[in-house]
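# Coordinate inspection notes
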Amino acid sequence: MLGLVLLTLALTTSSGQLGLPTVPEDVLGEEVQLTGDVRVVAGPGVVTARKNAVLRSGTSVIRAEEITYNHTTRVAEAHGNVLLVLSGLAGFADHLTVDLRTRSLSAEGASFVQKQGVTPEVLAAQETSVQLAQVGKNVFSFTTKGFRLLEGGSYLLEESSFTPCDCNVLAPSWRISARSAEVKPGESASFTAPTVRVYGVPVFWLPWLYLPLAERASGLLMPEVTGSGLSGFQVDQPLFLTLGRSYDLTLIPGYAFGNEGPLGVRGPRLATEFRYAPTPHIQGRLWLRLLYDLKPERDPLDPDVLVPDAKPRGLRGWGILEHRQELGSGFHARADVTLYSDGFLFADTTPAGGLGRSYYYVPSTATLYHRGENDHAGLTLAYRQDIRWGHPLLGQAPRPPVFHELPTLRYALPTVPLFGPLTGSVEVELSRLSPLEGRLGDEGTDGVFWPPLPDADGTQGNGRFDPGERQARTRLDVMPRLNATFDVGGLLRLTPYLALRESLYLHEVTRETHNRAYGMVGVYLDTELSRVFGEGASAVRHSLMPSVELRAVPRVFGQRAPQVYDEVDAAVPPDGFFQGLLALRQKVLGRADTGTRELGRLDLVPGVDFLERRLGETSGRLLAVMGPVTAEARGRLDLFSPQVEERLTQLSARIGWSILPNMLDVSAGYERALASSEQVRRSIDMLLAPPLPPQVPSGGGSCASDALGNKPIDRVVLSAGARLPFGLNLGYEAEVQRRDPARCDVVALYSQTLNVSYSATCDCWRLNAYARLLPPPANFDFGVSVTVLNLGTFGR
């Protein structure tokens, strides 16, 4: 019931475009023309037409089995299969009476539909209800006992029923009925005693209702009702304001009622969203939420500890700026900025079960770039806000320094043909990484800034440079690359390549300069063999795609092991590498309605480290489709790296069964993973990742869930979904986690999610609701949203 109430408010307070007949003199003219196969004069001034009777007046047309017109009273009555066209409005009725003098209409068994994308002349030419229903697009439909055209283009409806979308004209799944309504075309419509009915069942009633009809009209939007274990029940009421065709503003006052516990917020709040698109080349939005948090203030180093004599946290907030602009001549500008008033606000407003504490930084970037036909150049400023601690964004409070890109210049020439089989590319990057204030990381000699545990030698935060600390640094990195592709006997493709990387470093505190250089040589050999089995719709294609890649960095010159700031610094080990990948991939494709469908796949990719004289990680993937059942598995195995505790570094599997196609399906998934995957650990120039370090418990630590963030995790996800014919969709998902099985073996039901959605058969609106149970501190989360065609989505 709540969802239907919210749907009602969304439809009755949102703006839309409902074009209606406007000028009465154009719609109902002074002259009347009545034709038919049989014409009968029933009395003085009274004429009746039967069989294919047609009455025309102004731009209006009435078709019926019989039409009687009185020239004295100017009243027309139509009986039997009545079709009416009033400008862009089409009507169907059993009996229709039109008074041209009072410009009023009464009808029995009548339905009307507003058309779009079709001229009144084309509508007037349609001779059957089927033709009228199919021509053009239905913007909205309604039934009425009668309506009267008023001066100025507005008109009154009596005993009306309204459906503002392209639903079934004669039998809509839902409608808004009202005792009376006054419509001002292009401006607004007001309804007296409206009731929302779904499949004929009344679900909500209002004493009065106002519906803006102008495009992007100002007005109240649907209330947003949400809740979570962090901030409890929350309600917001958006107010949409148009500021011309290219600008709009949404004000969203609200209140978060809060919950017990240190995380979350409680108190009044106001969000503002400003959107702009003054030209096709400029668009963006500015979103800002301010709140007065009534929960007690916490220690910025520990969100679970209150400060002495804790006062309310007071004014807090965060903002988002998104800007896109085409400057011409291939130049573009882009900004993506997200800022929080303090570091804890992200976790206080993100109900994702520890997600907030697993993120370290929130990035913001501003970029000016040029995209040419064959190259790309750009200037980037990047700011990273530290959200591990609760320090304010602005102020002089001591905090760990964060290194930002101030700035980075990049130039890239993608692969272009040179001569013969040769192609080449080059990448150049000049980057400066530095804190906003000062030039020191000041982490201490251990290289880690951890406020709760300062270095024993007192070097952390002492304001002086000590060995092991980071400092502001400028780096010039240049990497050209040559490739050549050769066809070998028409069966193989051979691609040797050569690359050089030179990095020049300037450290701004010590004024030291270093360089690091290495050359990389490699070769890639691949082919594809395929065969088609069967014919026609039952034909399948089997393909084998073997490949071999060898890559080596024989030697690193200059500073072989620079202090690592980013992935370029960690691109290769100090002694270089010599690695290889042997890949055997095969797949089976079958015919489908719209092309081909993958029926099976088997990939096996072992890696070899020739310098270490061992096999590296071996990855594999298996996919099988058997009718309604789809099964897939992926894995990574490292059997030969020394001093590695976890040999099975990744394993995942999923099986899905479509019990009833497009109606009922179930699935189960399993994942076994360490803290980071191979793709994350692998440096940008290497084929194989360095071995994962042993997972050693620190001091025999606690087995509490928050102490197992970097331990192996087994995840099992069970889900089911049902799509019922009358538009109701149900979904359920449960996740079970088994953490650190070698030591703690903690098994827990991690989360449960229930999704419910309903959409009309015409797909003109959809109601979505979800509820999610999460581990502490979030505990739960829920939301409701309504999507209305041409109006957008309201709620969350």
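Scope of this entry: the structure provided in the associated data block. (Residues numbered from 1 in each chain as written. Predicted model: local features only at pLDDT ≥ 70, side-chain atom pairs only at ≥ 80, totals over all residues. Heavy atoms only, no water.)

### Some words on the pattern of salt bridges
Applied cut-off: Salt bridges are defined as contacts in which a side-chain nitrogen from Lys or Arg sits within 4 Å of a carboxyl oxygen from Asp or Glu. Runs of E in the DSSP output that reach at least two residues are strands. Runs of H or I that reach at least four are helices, and both are numbered from the N terminus. Relative accessibility thresholds used throughout: buried, under 20% of the residue-type maximum; exposed, over 50%; partly exposed, between the two (1.4 Å probe, protein chains only).
Taken as a whole and assessed by the stated rule, the structure comprises 40 salt bridges. Between Arg316 and Asp348 there is a salt bridge; the shortest N-O distance is 2.9 Å. Highlighted residues: Arg316 in strand S26 (residues 312–328) and Asp348 in helix H5 (residues 345–348), separated in sequence by 32 residues. Asp348 shares its class with Arg316; the two are buried. Shared partners join several salt bridges into a network, and the residues in it are Arg384, Glu405, Arg410, Glu429, Arg473, Arg475, Asp566 and Asp569.

### What to know about the pairing of strand S7 (residues 104–108)
Formally: In short, DSSP must find at least two bridges between two strands for them to pair.
Side-chain alternation along S7 places Leu105 and Ala107 on a buried face and Ser104, Ser106 and Glu108 on a face that remains uncovered. Bridging between strand S6 (residues 89–99) and S7 involves five bridges; their strand directions are antiparallel. Opposite Asp99, over in S7, you have Ser104 as the bridge partner. Counting the residues between successive antiparallel strands, the hairpin from S6 to S7 contains four residues, one of them, Arg103, with a positive phi of roughly 55 degrees. Here S7 pairs with strand S10 (residues 146–149) via three bridges, running antiparallel. Residue pairing across strands places Leu105 opposite Phe147, the latter belonging to S10.

### Remarks on the nonpolar core
Just so we agree on the cut-off: Among buried residues, those of type Ala, Val, Leu, Ile, Met, Phe, Trp, Tyr and Cys that are joined through side-chain atoms within 4.5 Å constitute a nonpolar core.
Ile62, Leu96 and Trp174 are the most contacted members of the largest nonpolar core, which has 54 residues in total. Of all hydrophobic cores here, the second largest spans 13 residues; its members include Ala271, Ile320, Tyr340 and Ile387.

### Description of the packing of aromatic side chains
We apply this condition: Stacked, tilted and edge-to-face are the three classes applied to pairs of Phe, Tyr and Trp rings, where Trp contributes its six-membered ring and a pair requires centres within 6.5 Å; stacked means planes under 30 degrees apart, edge-to-face means over 60, and tilted covers the rest. Counted as over-ring charges are cases with an Arg CZ or a Lys NZ within 6 Å of the ring centre that also lie within 35 degrees of the ring normal.
Following the criterion strictly, the structure yields 10 aromatic pairs and no others. Ring centres of Phe233 and Phe257 lie 5.8 Å apart, and the angle between their planes is 40 degrees; this geometry places the pair in the tilted category. Linking Phe233 in strand S19 (residues 232–236) with Phe257 in the loop between strand S21 (247–256) and strand S22 (267–279), this pair joins segments that are 24 residues apart in sequence. In this structure Phe257 comes out as partly exposed when scored by relative accessible area, which is 45%. Between the aromatic rings of Tyr340 and Phe346, the centroid separation amounts to 5.7 Å while the plane-to-plane angle is 80 degrees, which identifies the pairing as edge-to-face. Put simply, the rings of Trp287, Trp318, Tyr340 and Phe346 pair up and form one aromatic cluster. It is Arg470 that lies over the ring of Tyr565; its NZ or CZ is 6.0 Å from the centre. Here Arg473 stacks its cationic end above the ring of Tyr565, 4.4 Å away from the centre of that ring.

### Observations regarding a nonpolar patch on the surface
Condition: Patches were defined on residues exceeding 30% relative accessible area and lacking a salt bridge, with like-charge contacts within 9 Å and nonpolar side-chain contacts (Val, Leu, Ile, Met, Phe, Trp, Tyr) within 5 Å. Computed by Shrake-Rupley with a 1.4 Å probe, the accessible areas treat only the displayed protein chains as cover when residues are assessed.
On the surface, a cluster of nonpolar side chains totalling about 620 Å² of accessible area is made up of Leu327, Phe331, Leu368, Leu379, Leu409, Leu430, Leu476 and Leu504. Here Leu476 is to be found in strand S32 (residues 473–484). Exposure remark for Leu476: the relative accessible area of 31% places this residue in the partly exposed category.

### Some details on the environment of Arg613
Looking at where Arg613 falls in the secondary structure, it is placed in the loop between strand S40 (595–609) and strand S41 (614–626). Separated by 34 residues in the primary sequence, Arg613 and Gln579 place their C-alpha atoms 9.9 Å from one another.

### Remarks on the pairing of strand S3 (residues 46–57)
For strand S1 (residues 33–35) and S3, the ladder comprises three bridges, and the chain directions are antiparallel. By the bridge assignment for S3, Leu34 is matched with Leu55. Relative to S3, strand S2 (residues 38–43) runs antiparallel, the two sharing five bridges. Looking at the pairing, Val41 lines up with Val47 of S3. Between S2 and S3, which follow one another and run antiparallel, lie two residues, and Gly45 among them has a positive phi close to 75 degrees. The sheet contact formed by S3 and strand S4 (residues 60–70) spans 10 bridges and is antiparallel. Across the sheet, Ser57 pairs through a bridge with Ser60, a residue of S4. Linking S3 back to S4 in an antiparallel pair, the connection comprises two residues, with Gly58 at a positive phi of about 65 degrees.

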